[in-house]
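Here are the chains, one letter per residue:
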Amino acid sequence: MITVLLVEDDVRLADALAGALEGHGYLVEQARTAEAALAAPPVDIVLLDLGLPDMDGIELCRRLRERREGGDTAVIMVTARGDRRERVRGLRSGADDYVVKPLALEELCARMEAVLRRTGRRGGSALTVGAVTVDPATRTATCAGERVDLTRKEFDLLTALVREAGAVVSRERLLLRVWRTDWPGARRTLEVHVGTLRAKLGVPGVIETVRGVGYRLVPEESERCAAAS
Ligand code: CA
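Let us look at the structure shown here.

The rules behind each value
- Residue numbers here run from 1 along each chain, matching the order of that chain's written sequence.
- Since the coordinates come from a predicted model, pLDDT governs what is reported: local features require at least 70, and pairs of side-chain atoms require 80 or more to be given and counted, while whole-chain, interface and lining totals use all residues.
- Side-chain measures here rest on the full set of heavy atoms in the structure, leaving out hydrogens and waters.
- Numbering of helices and strands runs from the N terminus; a helix is a DSSP stretch of H or I covering at least four residues, while a strand is a stretch of E covering at least two.
- Per-residue accessibility, obtained with a 1.4 Å probe over protein chains only, is compared with the maximum for each type, and a residue is labelled buried under 20%, exposed over 50%, and partly exposed between these values.
- Both cavities and pockets are sets of points on a 1 Å grid over the protein atoms alone; in a cavity a 1.4 Å probe fits but cannot get out, in a pocket the set is open with protein on both sides within 12 Å along at least five of seven lines, and lining residues sit with an atom within 4 Å of a point.
- Grid points are joined across faces, edges and corners, and a volume is the space filled by probe spheres set on the points.
- Gly is put with the polar residues, along with every residue not named as nonpolar or charged; the nonpolar set is Ala, Val, Leu, Ile, Met, Phe, Trp, Tyr, Cys and Pro, and the charged set is Asp, Glu, Lys and Arg.
- Two residues form a contact once any of their heavy atoms are found within 4.5 Å.
- A pair of strands is treated as paired once DSSP finds two or more bridges between them.
- A fitted line through C-alpha atoms serves as each axis, taken over the contacting stretch for helices, and the angle formed by two N-to-C directions is quoted from 0 to 180°.
- Any nitrogen, oxygen or sulfur atom within 2.8 Å of a metal ion counts as a donor, with the limit raised to 3.2 Å for Na, K and Ca, and since water is left out, coordination shells can look unfinished.

## Some remarks on the side chain of Glu 164
Phase 1: Examined against the element boundaries, Glu 164 turns out to sit in the loop between helix 6 (152-163) and strand 10 (168-170).
Phase 2: Taking the relative accessible area as the measure of exposure, Glu 164 reaches 14% and is therefore buried.

Structure follows, in structure tokens:
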């Protein structure tokens with residue numbers, strides 16, 4: 001699955017666009033500010049609004065490029081129509097392409113596909129940590145080669161943890177990513193799903209609770225995972 005970071009401070013536009021892109025099979029993470037964008041995990045494509053509250057979008061593009069893992073991330077800038085000087089400046093600062101607002105979804109998707117072809121990213125590649133493998137293309141998970149039966153949300157949660165294996169992923173990030181909510185009341189749902197995942201992976205310690213913060217997939221423990229029968 002192709003991951004997208006949508007950097008946009010207009011909440012309504014961002015939510016609508018994120019929903020539409022997810023309908024096209026993209027996994028979308030959102031950032032409202034440049035600071036949040038710089039703190040987000042690496043993705044395949046960044047959709048970057050140039051008018052952000054805390055930093056010029058062109059400066060942000062440059063900083064995203066400077067990050068260690070930013071080299072092969074595609075950046076598509078989103079600018080207001082007619083802002084030709086901005087677009088030229090954007091392309092010169094390292095953006096792969098730009099689209100103009102108001103956005104036409106089909107055009108955006110076509111441009112994203114073209115940029116991905118150029119950067120050689122196809123997404124859909126399976127991710128493995130220890131004995132655990134998740135394959136976003138087929139939405140299947142295996143433990144030591146054995147298929148693990150997961151619900152849609154359990155799969156999304158495991159994928160989110162595997163993507164950042166070894167690092168603590170905050171409850172807020174997991175709720176946003178898997179349930180698309182930042183409502184604290186949903187934390188109980190998250191806890192329940194973590195409990196089920198631990199049972200299904202056969203090694204409770206594989207998902208560590210970091211109290212008051214979130215969860216961490218423990219790479220060493222994942223070596224011992226075996227699908228619960
Ligand atoms: Ca804006």
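Now that the structure has been shown, the text picks up again.
## Thoughts on empty space enclosed by the protein
Empty space among the atoms becomes visible once a probe the size of a water molecule is rolled across them.
Phase 1: For the coordinates displayed, the defined rule picks out two cavities of 30 Å³ or more.
Phase 2: Space inside the second largest cavity adds up to approximately 30 Å³.
Phase 3: Lining the second largest cavity we find Leu 6, Glu 8, Leu 13, Leu 17, Leu 47, Val 78 and Leu 103.
Phase 4: A breakdown of the residues in the lining of the second largest cavity according to their chemical character gives six nonpolar, no polar and one charged.

## Focus: the environment of Asp 149
Phase 1: Position of Asp 149 relative to the elements: it lies in the loop between strand 9 (146-148) and helix 6.
Phase 2: Assessed through its relative accessible area of 60%, Asp 149 is described here as exposed.
Phase 3: A C-alpha to C-alpha distance of 19 Å links Asp 149 and Met 1, two positions 148 residues apart in sequence.
Phase 4: If we ignore the near neighbours within four places in the chain, the residues touching Asp 149 are Glu 154 and Lys 200.

## Observations regarding the pairing of strand 11 (residues 207-210)
Phase 1: Relative to strand 12 (residues 214-217), strand 11 runs antiparallel, the two being bridged by four bridges. Directly across from Thr 209, in strand 12, lies its bridge partner Tyr 215.
Phase 2: Turn length for the strand 11-strand 12 hairpin, with the two strands adjacent in sequence and antiparallel, is three residues, and the turn residue Gly 212 shows positive phi of about 80°.

## Thoughts on the sheet that holds strand 9
Phase 1: Strand order in this open sheet of four strands is 6-7-8-9, and the pairing throughout is antiparallel. Both outer strands of the open sheet, strand 6 (127-129) and strand 9, are each paired with one neighbouring strand and no more. Going from strand to strand, the sheet's axes swing by 25° on average, the running direction of each strand aside.
Phase 2: Bridging between strand 6 and strand 7 (residues 132-135) involves three bridges; their strand directions are antiparallel. What sits directly across from Thr 128, in strand 7, is Thr 133.
Phase 3: Strand contacts of helix 6: strand 6, strand 7 and strand 8 (140-143), with the helix running at about 115° to strand 7, the strand carrying the most contacts.

## Quick look at the coordination of the calcium ion
Phase 1: Summarising the metal site, the calcium ion is bound by the protein donors Asp 9 (OD), Asp 49 (OD) and Gly 51 (O), whose distances to it range over 2.2 to 2.4 Å.
Phase 2: Binding-site remark: the calcium ion is held by donors from one chain whose sequence spacing is D-x39-D-x1-G. Remark: Asp 49 occurs in strand 3 (residues 45-49) and Asp 9 occurs in the loop between strand 1 (3-7) and helix 1 (11-23); sequence separation between them is 40 residues.
Phase 3: Taking the relative accessible area as the measure of exposure, Asp 9 reaches 33% and is therefore partly exposed.

## Let's talk about the sheet that holds strand 11
Phase 1: Taken in spatial order, the three strands line up as 10-12-11 in an open sheet, and their pairing is antiparallel. Each of the sheet's edge strands pairs with one partner strand only, and the pair in question is strand 10 and strand 11. Taken pair by pair, the neighbouring strands of this sheet meet at an average axis angle of 30°, ignoring direction.
Phase 2: Against the sheet, helix 6 engages strand 10, strand 11 and strand 12, with an angle of about 70° to strand 12.
Phase 3: Contacts from helix 7 (residues 171-179) reach strand 10 and strand 12, with the element oriented near 65° to strand 10.

## Focus on the pairing of strand 7
Phase 1: Along strand 7, one buried face is formed by Val 132 and Val 134 and the opposite face, lined by Thr 133 and Asp 135, is buried too.
Phase 2: Looking at chain direction, strand 7 and strand 8 are connected through four bridges and run antiparallel. Note that in strand 8 the partner of Val 132 across the bridge is Cys 143.
Phase 3: From the end of strand 7 to the start of strand 8, which pair antiparallel, there are four residues, and Arg 139 there has a positive phi angle of about 55°.

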